[in-house]
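# Architecture at a glance
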Amino acid sequence: MRIAALILGLVLTSFLSNAQEKEGMTLTVTIENVLSNEGKIIGALHIEGTFMKGAGIATEVVDAKKGEVTLTFTNVEPGTFAIMILHDGNGNNRMDFEANGMPKESYATTGELVFGPPNFNSAKFEVVDNDLDFRIRF
């Protein structure tokens, strides 16, 4: 009987200690003005070293839906980040460009709208100790 009580006590203690640990923040991104149902909406969470240089540190993908879609990044630890969003209409998992170098597909970032290619400083935000919600328009 004592062994059963000890085991039950250890199990309950384990659950309580795990319940008290915060695993990181949740970033919810609502993308407005999706123009078609074709392809995927790809969102990438970036740090300064990955921004405009390759894959982010986390990626979320949902089917495109005309109007509005939502992406959610979970367990994001505190730090400085930027989010880039791409409407990959043809499903090739990359941005396509016109012959003159202009993007063929819709894209957007967090932060301030800038003329020319996005940059980390205008797109960055801080994750501290609470969940964040973003609305981004293509």
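Treat the numbers as computed from the prediction; the structure is a model and nothing was measured.

With respect to the element layout, Glu 48 can be found in the loop between strand E2 (40-46) and strand E3 (58-63). In contact with Glu 48, not counting residues within four places along its chain, are Lys 53 and Phe 120.

Right, let's talk about the confidence of the model for the chain for a bit. In the predicted model, the chain carries a mean pLDDT of 87, and the fraction of residues at 70 or more is 84%. In this model, residues 1-20 is a region of pLDDT below 50 whose contacts with residues beyond four sequence positions or in other chains number zero contacts.

Turning to the packing of aromatic side chains, a few remarks are in order. We describe a pair of aromatic rings using the distance from one ring centre to the other and the angle between the two ring planes. Scanning the model with the defined rule gives three aromatic pairs in all. Summarising the aromatic geometry, the rings of Phe 51 and Phe 120 are spaced 5.8 Å apart at their centres and angled 70 degrees between planes, so their arrangement reads as edge-to-face. Of this pair, Phe 51 sits in the loop between E2 and E3 while Phe 120 sits in helix H2 (residues 120-123); the two residues are 69 residues apart in sequence, bridging distant segments of the chain. Using a relative accessible area of 5% as the deciding quantity, one classes Phe 51 as buried. The exposure class of Phe 120 is buried, given its relative accessible area of 8%. Ring plane angle 50 degrees and centroid distance 4.6 Å describe the contact between Phe 125 and Phe 134, whose orientation is recorded as tilted. Each member of the pair, Phe 125 together with Phe 134, is buried. Members of the aromatic cluster, joined through ring pairs, are Phe 81, Phe 125 and Phe 134.

Now for unusual backbone geometry. The phi dihedral of Asn 33 falls on the positive side, at around 70 degrees, and the residue is not glycine. Inspection of the secondary structure assignment puts Asn 33 in strand E1 (residues 25-34). Judged by relative accessible area, Asn 33 falls into the partly exposed class, the value being 27%. Despite not being glycine, Met 52 shows a phi value in the positive range, around 60 degrees. Taking the relative accessible area as the measure of exposure, Met 52 reaches 45% and is therefore partly exposed.

This next bit is on the environment of Glu 60. Mapped onto the elements, Glu 60 comes out in strand E3. The contact partners of Glu 60, leaving out residues within four places of it in the chain, are Ile 41, Ile 42, Gly 43, Leu 71, Thr 72 and Phe 73.

Moving on: the pattern of salt bridges. Overall, the coordinates contain four salt bridges when judged by the stated rule. The shortest N-O distance in the salt bridge between Glu 32 and Arg 135 comes to 2.6 Å. Of this pair, Glu 32 sits in strand E1 while Arg 135 sits in strand E8 (residues 132-137), placing them 103 residues apart in sequence. By relative accessible area, Arg 135 is classed as exposed at 53%. Its salt-bridge partner being Lys 40, residue Asp 63 comes within 2.5 Å of it at the nearest N-O pair. Placement of the pair is Asp 63 in strand E3 and Lys 40 in strand E2, with a sequence separation of 23 residues. Using a relative accessible area of 33% as the deciding quantity, one classes Lys 40 as partly exposed. Within the structure, one salt-bridge network assembled from shared partners comprises Glu 32, Glu 68 and Arg 135.

How each quantity is defined
Residue positions are given per chain, counted from 1 along the sequence in the order it is written. For this predicted model, a pLDDT threshold of at least 70 governs which residues receive local features, and a threshold of 80 or more governs which side-chain atom pairs are given and counted, while totals over whole chains, interfaces and linings are taken from all residues. As a convention, hydrogens and water are excluded, and side-chain values are obtained from all of the structure's heavy atoms. Secondary structure follows DSSP: runs of H or I at least 4 residues long count as helices, runs of E at least 2 residues long count as strands, and numbering of each begins at the N terminus. It only takes one pair of heavy atoms within 4.5 Å for two residues to be counted as in contact. The quantity called pLDDT is the predictor's confidence in a given residue, expressed from 0 to 100. Centres within 6.5 Å make a pair out of two Phe, Tyr or Trp rings, where for Trp the six-membered ring is used; the pair is then stacked when the planes are under 30 degrees apart, edge-to-face when over 60, and tilted otherwise. The buried label goes to any residue with under 20% of its type's maximum accessible area, the exposed label to any with over 50%, and the partly exposed label to all in between, with areas taken from a 1.4 Å probe on protein chains only. Every case where a carboxyl oxygen of Asp or Glu lies within 4 Å of a side-chain nitrogen of Lys or Arg is listed as a salt bridge.

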